[in-house]
Amino acid sequence: MATSPALDTQARVILALALREVHTLYGGKSLGYLWAVIQTAFTVGVFWGIRHFANVPAPHGMTMLTYLVAGFGIWNIISQVLSKCMAAVDGNRALLTFPQVTPLDIMLARCLVVTATQVVSMAILLGCGVIFGYDLILSNIGMIIVCVLLVALLGLGLGAMLGSLAVYLPALQQIVPMFMRILFFASGIFYSVSTFSHRVGDFLMLNPIMQLIELMRMSMANGYISIYADFGYVVQVTLGCLFLGLLLERYVRRKVTQ
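First, a word on what this report is: a plain description of the structure on this page. All residue numbers here refer to positions counted from 1 along the written sequence of the relevant chain. Whole-chain, interface and lining totals are the exception, using all residues; otherwise, since this is a predicted model, local features are given only for residues with pLDDT of at least 70 and side-chain atom pairs are given and counted only at 80 or more. Each side-chain value is worked out from all heavy atoms of the structure, with water and hydrogens disregarded.

## Describing the environment of Tyr-233
Here is step 1 of the chain: Each helix is a run of DSSP H or I of at least 4 residues and each strand a run of E of at least 2, with the numbering of both proceeding from the N terminus. Within the secondary structure, Tyr-233 sits in helix α9 (residues 231–256).
Here is step 2 of the chain: Residue exposure (1.4 Å probe, protein chains only): buried if accessible area is under 20% of the type maximum, exposed if over 50%, otherwise partly exposed. Judged by relative accessible area, Tyr-233 falls into the partly exposed class, the value being 25%.
Here is step 3 of the chain: C-alpha of Tyr-233 to C-alpha of Arg-181: the two residues are 52 residues apart in sequence and 23 Å apart in space.
Here is step 4 of the chain: Excluding anything up to four places from it in sequence, Tyr-233 contacts Met-205, Leu-206 and Gln-211.
Here is step 5 of the chain: A 3.5 Å cut-off defines polar contacts: any pair of N or O atoms within that distance qualifies, except that in protein one atom must be a possible hydrogen donor and the other a possible acceptor, and neighbouring residues in sequence count only when both atoms are side-chain atoms. One polar contact links the side chain of Tyr-233 to the main-chain carbonyl oxygen of Leu-206, over a distance of 2.5 Å. The criterion used for residue contact is that any of the two residues' heavy atoms lie within 4.5 Å.

See below:
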């Protein structure tokens, strides 16, 4: 099937940018790409240890490994995609002198690298868990794929939107990381929304990141049920952020490439 020459060129540009991003992130490290897995494993291990010594088991019969991998996997994707998309222009101004390269291409490449890296890290950690005797029953593989796609698109949309606004409001570059630290504790990464009352749970679930984490956990365990999860809400928020992000990125493109 023939493809458009422009589309083919754009795909090649994004692939080249993705390979460059991988080399930039991991090429200079002695452990290379394995370092991404180690970072994720260390974070999961720390919170696993905290819950173990606090004698707080994973809810709904999930293994602690699956419970934490689902939470940190979703969080790592959206937080890293958002931050890297916001910094895409400032870190690659030299590349933008080439007419074939646009800010959106750089954002897409970074989104692709981050998402793929986290998916591989999650798969390796879960695979190691199976080797060491932990049960792993994925109840809905299709929904797992959809959740990964949605969180990547949500991060891309938010990153493009906030990065574009930062062109006119540079203070956002400092404000957003502070806000993300608050979201880290408000997104249900290492706890379940079911531990709260309905009033608090309904408020917390306005956060689409928590929605995605709950949907991911439901998809990775047969017994995990969240009465608050709303797939339609997540899709609407994701598409809305993506639309606004792409619209704003297009609006400020000429200014950032000058």
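## Describing the packing of aromatic side chains
Here is step 1 of the chain: The pairing test for Phe, Tyr and Trp rings, Trp by its six-membered ring, is centres within 6.5 Å, and the orientation test on the planes gives stacked under 30 degrees, edge-to-face over 60, and tilted for anything in between. Tallied over the full model, the rule gives 11 aromatic pairs.
Here is step 2 of the chain: Pairing Phe-47 with Phe-72 gives two aromatic rings, centres 5.1 Å apart and planes at 50 degrees, and the pair type is tilted. With Phe-47 in helix α2 (residues 34–53) and Phe-72 in helix α3 (residues 64–86), this residue pair connects regions lying 25 residues apart in the sequence. Taken as a pair, Phe-47 and Phe-72 share a single burial class, namely buried.
Here is step 3 of the chain: Geometrically, the ring pair formed by Trp-48 and Tyr-134 is edge-to-face, given 5.6 Å between the ring centres and 70 degrees between the ring planes. You can see Trp-48 sitting in helix α2 and its partner Tyr-134 sitting in the loop between α4 (103–131) and α5 (141–168), a full 86 residues away along the chain.
Here is step 4 of the chain: Relative accessible area serves as the criterion here: at 26%, Trp-48 is assigned to the partly exposed category.

## Description of α3
Here is step 1 of the chain: Taking 1.5 Å of rise per residue, the 23 residues of α3 would be expected to cover 33 Å, and the 33 Å separating its terminal C-alpha atoms lies within 8% of that figure.
Here is step 2 of the chain: Of all 23 residues in α3, 21 are buried; the element is thus mostly enclosed. Here the expected length of a helix is defined as 1.5 Å per residue gap, with one fewer gap than residues.

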